[in-house]
Amino acid sequence: KNTNRLHTYIMAAKDSKLAGTGKVTALGTALRPLNSEYGKVAPGWGTTVLMAGFIGLFAVFIVILLEIYNKSLILDNVGVNWLSSTGL
């Protein structure tokens, strides 16, 4: 029964008015190489470690901002109230 539903979905996609239609534009042609590796996956963990490193650095940055705002981290000449930037 699931196979029949899948077959129906595939046939509907093939018979769709959008299937096989579209304009060929200069921009689309220029950008086509960027999509040439669609569906390919890097072997192993790929760049996961690098991404985790950047997420960690971003988390440290956010924590520092939070500590400055909460006055847990006090810096000289850095005011935290809303009026400090207006000079009032």
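The present account deals with the structure reproduced in this document. The structure presented is a predicted model; accordingly, all values stated were derived computationally and were not measured.

1. As for the overall build of the chain
For the chain, the helix and strand inventory stands at 3 helices and 0 strands. The secondary structure elements of the chain, listed N-terminal to C-terminal, are α-α-α. Residues classed as buried in the chain amount to 1% of the 88 residues present. Accessible area of the chain: about 8,800 Å², with a carbon and sulfur share of 66%.

2. Some thoughts on a nonpolar patch on the surface
Nonpolar side chains collect at one region of the surface, where Phe58, Phe61, Ile62 and Leu65 lie side by side and expose about 400 Å² of accessible area between them. As for its placement among the helices and strands, Leu65 is situated in helix α3 (residues 48–69). Classification of Leu65 as partly exposed rests on a relative accessible area of 41%.

Scoring rules and cut-offs
Residues numbered from 1 in each chain as written. Predicted model: local features only at pLDDT ≥ 70, side-chain atom pairs only at ≥ 80, totals over all residues. Heavy atoms only, no water. Helix = DSSP H or I, 4+ residues; strand = E, 2+ residues; numbered from the N terminus. Buried < 20%, exposed > 50% of the residue type's maximum accessible area, 1.4 Å probe, protein only. Areas by Shrake-Rupley, 256 points an atom, 1.4 Å probe, with all protein chains shown as cover. Patch = residues over 30% accessible without salt bridge, like charges linked within 9 Å, V, L, I, M, F, W, Y side chains within 5 Å. Salt bridge = Lys/Arg side-chain N within 4 Å of Asp/Glu carboxyl O.

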